[in-house]
Amino acid sequence: MSACVPTRDDHSSRNARPSRASGFKRPHSPPPPPRRGRFRVSGADLSASITVFLIAVPMSLGLAVAMDAPLAAGLVSAAIGGIVAGLLGGTPLQVSGPSAGLTVVTAELIQIYGWRTTCAITIGAGLLQILLGSLRAARSALAVSPAIVHGTLAGIGVAIALAQLHIVLGEAPQSSALDNVLALPAHLAQFEPAAPLIGALTIALLVVWPRLPGRLGASLGRIPAALAAVVVATAVAAVATPGIARVDLPSWRSHALPELPQGPVAGLAAAVFTVMLVASLESLLAAVSVDKLAADRSTTTPKNGSTPPPPVERSDLDRELRAQGVANALSGLAGGLAVSGGAVRSSANVRAGAESRASTVMHGVWVLLAAVLLVTALEWIPLAALAALVMVVGIQMVSFAHIRKVHRHREFLVYGATISGVILAGVLEGVAIGIVVAVAVALHRLARTRITVTEEDGRYLVSARGQLTFLAVPRLSRLLGRLPHGVDAVVELDGFFMDHAAYETIQDWYAAQTAMGGRIEFTGRSGGRIAEPASAAHSCCRPWTPWRNHHCHDRAQDAAPTTAVPATHAAPETPPTDQAASSRHRHGAHRLLSGLSSFQRTTAPLVREELARLAAEGQRPSQLFLTCADSRLVTSMITASGPGDLFTVRNVGNLVPPPGTGDETRNDDSVAAAIEYAVDVLEVESITVCGHSGCGAMQALLGAAPDTPRTPLWRWLRHGLPSLERMRSRHHSWARIAGRLPTDAVEQLCLTNVVQQLEHLRAHESVARRLAAGTLQLHGMYFHVGEAQAYLLTEGASSGTGPDEVFVRVAPGAEWSAESGAEALHAAPGTTVGA
């Protein structure tokens, strides 16, 4: 589906769809949650918040130890991340806190600039995140190759594990991953056993705790593994090794706050950019993962037969990025660590049954209370236990599932180069190395084309494997030029891309060979015959033109090519002769039969399985699409929809007669019946009224004289008179399209008619009932035929809440869902989107 009309996910159940508020919703934004009068907390949210709190406290302290930052800074960032990012974020179930991905970066910044300047860098990174979120750049951040993103996080994970291993051994980590590797043999030769044993006990509990068998294991499994490991390690250390190094939380009176950054401007700018980049990528990737976990949870029936948690709205990534920026700015001001969305905390929140952002916010409140009231208890925790916990987190960042995936897509070289760059040079340098390698690999694949020529019994086989670009043209031209004139050859194209230079080379060679009596056949990778170039002597039109009024004709039947004359340019005063009418009738019948035959030959084998499924399951469209009967408006083409997607109603002028108009004997119930069936029986989620440019019905309304004969056509068009009155009324502003006024009165009436028919639509009882329940959306759309451009009506006009009637342009490549997150509408300067 395009951005014009949303479509349901084929893999999701209708029962799993979230309720949507009434009125128009911009296609790049997720449906908002139901509005509530106050902040409500469910029992599931309370339980989940405690679970996440028990995981967050030891992890926050452990990350602070790993970064060599003040331990209180970890608790500050966890509290601010939970409360601020939880309240403002676009992913309700995502839990934010100290960033594991920034462990290496922050540790290096503290060593170079000191803690207070590092806090100032965190503030700068947060402000930059707010700016990028306001510019809607969140989806662009995910456009980076997944091999680079996962390679970066894996490299950071390796560096974290190497550094924390030294703390587990009772020693201090070195300044870089390479130095940690080089110093490891010396530390292994002279370590004291107390800290390593506590670290080993912590790691063992983290691994074994979720896998405890039996009923006892099921009961204990409800306690987070991180909490259980730290508590048991703390208890053992208190008895067995009283002198082991422990957490030391300084007084809040001595808590360090940020200062004005000091150092070279270029270095500070690079530091701000690095913190922003890593924190943003980690948060956005975690948000996408949370969406998947929440969707899977909502479609899975609980084993105990209880009701599954209600569905949660999808992530608004730009809002999430802005919220992360606010949290980072406040965390830096309060002397805390950099904040990002965490996959470990977020997945635990979802699996614990959280239903709303209340769980995330309350977890932050619990962390804040613990930082004030549980200082004495927290100071019993051994540093080795926290280091072991963070080391396991770092190891888990190296995902074997991601390695298998990048290997399957032949991107392991990019993945490996990124990991190596992060470990050996640093995060920003590793990302740059990964990008360079990814570009080099892409260019290599683009230029790697294998062209061979073989001969068998006087028949040649030209095989081109790979992408045919201008880089392959010299070799391609040289090999084709060696073939004899008038040759009998098969050209096998085994690739999915051919640029203009390669196409012209093949086309010129094909034309020269066929002119000399040669027979050339083109096949694909499976050996199936494919179409020749468009200029081939025996081809009169391109494959996409059967619907274009330039129909291909059999040369045996047509001695000379015919020229299609648009109906608007035909001379109406010249009636067709009987012979011409008969010829046109035969040609129309031939065209119908030819089209049906083409469908049975080429399309039916591809769609037969899907149509059989729809025939067995029945139709379940999620959209009612009401549009004009104009033949130029191909709904399946402009909405990129297929069988089962749209319940389509077409009539002259895309009119919606209001209910109860005039005498009951003169009511037009056909459209009303379709609306009632779609809303009450099919339970569609949205209705779209689509007008178009150059509408003949609107031209007829504008040119109608008072004495116009009351024919059936005119009796139907009377339902468009309210649109004409609305356009001429001084109580309604003129509709605008992409920030400009319509070009003429016809376009103005076409736009106004869409708004007016939406008003008629709301008057239908079934529609009004669903709108009041918040389970139906209304959309207004205008399609400019000459521009092949769709425009959508903004929120104020379609919902009847605003004076403006503004249609904004749908951008190429836009997506309706937030998982695309891309900006779907581009309005000209001065246009208010979603008034």
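The structure this text deals with has already been given above.
Residues numbered from 1 in each chain as written. Predicted model: local features only at pLDDT ≥ 70, side-chain atom pairs only at ≥ 80, totals over all residues. Heavy atoms only, no water.

**Q** Looking at this structure, I do not really get a positive patch on the surface. What am I missing?
**A** A contiguous patch of positive charge on the surface is contributed by Lys 292, Arg 404, Lys 405 and Arg 408. Tallying contributions element by element places helix H17 (residues 400-408) first for the positive patch, with three residues. Relative to the elements of secondary structure, Lys 292 occurs in helix H11 (residues 265-298). Under the relative-accessibility criterion, Lys 292 is labelled exposed at 52%. (Patch = residues over 30% accessible without salt bridge, like charges linked within 9 Å, V, L, I, M, F, W, Y side chains within 5 Å. Areas by Shrake-Rupley, 256 points an atom, 1.4 Å probe, with all protein chains shown as cover. Salt bridge = Lys/Arg side-chain N within 4 Å of Asp/Glu carboxyl O. Lys, Arg positive; Asp, Glu negative; His and termini not counted. Charge placed at Lys NZ, Arg CZ, Asp CG, Glu CD. Helix = DSSP H or I, 4+ residues; strand = E, 2+ residues; numbered from the N terminus. Buried < 20%, exposed > 50% of the residue type's maximum accessible area, 1.4 Å probe, protein only.)

**Q** For this particular structure, what's the right way to read the pattern of salt bridges?
**A** Should their charged atoms come close, side chains of opposite charge can pair. Throughout the structure, instances matching the rule amount to 11 salt bridges. Arg 116 is the partner of Glu 259 in a salt bridge, and the nearest nitrogen-oxygen pair spans 4.0 Å. One end of the pair, Glu 259, is in the loop between helix H10 (225-240) and H11; the other, Arg 116, is in helix H4 (residues 115-134), and 143 residues separate them in sequence. For Glu 259, a relative accessible area of 26% gives the class partly exposed. Several salt bridges share partner residues, and in doing so they unite Arg 459, Asp 488, Arg 519 and Glu 521 into one network.

**Q** Where do I start with the sheet that holds strand E6 (residues 519-523) in this structure?
**A** In sheet architecture, strand pairing relies on hydrogen bonds along the backbone and comes in two forms, parallel and antiparallel. The four strands lie next to each other as E3-E4-E5-E6, forming an open sheet whose pairing is mixed. At either end of the open sheet lies a strand with only one pairing partner, and these are strand E3 (450-456) and E6. Between one strand axis and the next, the sheet turns through 15 degrees on average, direction left out of account. Relative to E6, strand E5 (residues 488-494) is paired through five bridges, and the arrangement is parallel. The residue bridging Val 491 from the neighbouring strand is Phe 522, located in E6. Across the sheet, helix H20 (residues 473-481) touches E3 and strand E4 (459-465), and the angle it forms with E3 is around 10 degrees. Contacting E5 and E6, helix H21 (residues 500-515) runs over the sheet at an angle of about 145 degrees to E6. (Pairing = 2+ DSSP bridges. Axes fitted to C-alpha atoms, helices over the stretch in contact; angles between N-to-C directions. Contact = heavy atoms within 4.5 Å.)

**Q** How should I be thinking about helix H25 (residues 696-703) in this particular structure?
**A** Spacing of three or four residues puts side chains on the same side of an α-helix, whose turn is 3.6 residues. When we look at burial in H25, the residues that qualify are Ala 697, Met 698 and Leu 701. For H25, the angular spread of the buried residues around the axis is 95 degrees, confining them to a single face. Taken together, the buried residues of H25 touch helix H26 (712-717), helix H27 (721-728) and helix H28 (745-762). (Arc of directions from axis to C-beta.)

**Q** I keep staring at a nonpolar patch on the surface and nothing clicks. Help me out?
**A** A surface patch of nonpolar side chains, about 440 Å² in accessible area, is lined by Val 365, Leu 369, Val 372, Leu 373 and Leu 374. Examined against the element boundaries, Leu 373 turns out to sit in helix H14 (residues 358-373).

**Q** How should empty space enclosed by the protein be read in this particular structure?
**A** Over the atoms, a rolling probe the size of a water molecule traces out where space has been left empty. Evaluation of the coordinates by the stated rule reveals four cavities of 30 Å³ or more. Roughly 40 Å³ of internal volume is contained in the second largest cavity. Along its surface, the second largest cavity is lined by Thr 106, Trp 115, Thr 118, Thr 122, Val 275, Gly 336, Leu 337 and Ala 338. Counting residues per element, the lining of the second largest cavity draws most heavily on H4, at three residues. Here the lining of the second largest cavity is built from residues that sort into four nonpolar, four polar and no charged. (1 Å grid on protein atoms, 1.4 Å probe; cavity = no way out; pocket = protein on both sides within 12 Å on 5 of 7 lines; lining within 4 Å. Points joined across faces, edges and corners; volume = space filled by probe spheres on them. Nonpolar A, V, L, I, M, F, W, Y, C, P; charged D, E, K, R; others polar.)

**Q** Please explain the packing of helix H1 (residues 43-67) against H14 as it appears in this structure.
**A** Axis angle and axis distance: for two packed helices, these are the angle between their axes and the distance between the axes, and together they describe the pair. The interhelical angle for the contact between H1 and H14, taken along N-to-C directions, is 50 degrees, at an axis separation of 8 Å. Taken together, H1 and H14 sit at an angle that is classed as oblique. Classified by chirality, the crossing of H14 by H1 is right-handed. Within the contact between the two elements, H1 uses Asp 45, Leu 46, Ala 48, Ser 49, Ile 50, Val 52, Phe 53, Ala 56 and Val 57 and H14 uses Ala 358, Ser 359, Met 362, His 363, Trp 366, Val 367 and Ala 370. Along the lines of polarity and charge, the residues of the contact of H1 with H14 split into 12 nonpolar, three polar and one charged. (Parallel < 35°, antiparallel > 145°, perpendicular 65-115°, else oblique. Left-handed = near helix turned anticlockwise from the far one by under 90°.)

**Q** What's the story with the environment of Glu 379 in this structure? I'm lost.
**A** Its location among the elements puts Glu 379 in the loop between helix H15 (375-378) and helix H16 (383-396). In this structure the C-alpha to C-alpha distance between Glu 379 and Arg 246, which are 133 residues apart in sequence, comes to 6.3 Å. Not counting the four nearest positions on each side in its chain, Glu 379 is found in contact with Arg 246, Val 247, Asp 248 and Leu 249.

**Q** Is there a simple way to think about the environment of Glu 805 in this case?
**A** In this structure, Glu 805 sits in the loop between helix H30 (795-799) and strand E13 (806-810). Considering only alpha carbons, one finds Glu 805 and His 732, 73 residues apart in sequence, at a separation of 8.9 Å.

**Q** I tried to follow the side chain of Ser 96 on my own but got confused; where do I start?
**A** Structurally, Ser 96 is set in strand E1 (residues 96-98). At 2.7 Å, the side chain of Ser 96 and the side chain of Gln 324 are in polar contact. In contact with Ser 96, other than residues within four places in its own chain, are Ala 78, Gly 81, Gly 82, Ala 85, Glu 320, Gln 324, Val 339, Ser 340, Gly 341, Arg 345 and His 363. (Polar contact = N/O pair within 3.5 Å; in protein donor to acceptor, adjacent residues only side chain to side chain.)

**Q** Is there a simple way to explain the nonpolar core in this structure?
**A** A general tendency of soluble globular proteins is for nonpolar side chains to be buried together. Counting 67 residues, the largest nonpolar core has Leu 61, Ile 121, Val 275 and Val 367 as the members making the most contacts within it. Here this core gets 11 residues from one element, more than from any other, and that element is H1. Those residues within four positions of Val 275 in sequence are excluded, and the remaining contacts are Leu 102, Val 105, Leu 109, Ile 121, Ala 125 and Ala 338. The next biggest cluster of nonpolar side chains, apart from the first, holds 42 residues, and it includes Ala 697, Val 755, Leu 761 and Val 767. (Core = buried A, V, L, I, M, F, W, Y, C linked by side-chain atoms within 4.5 Å.)

Interpretation in functional terms is not warranted from these geometric data alone.
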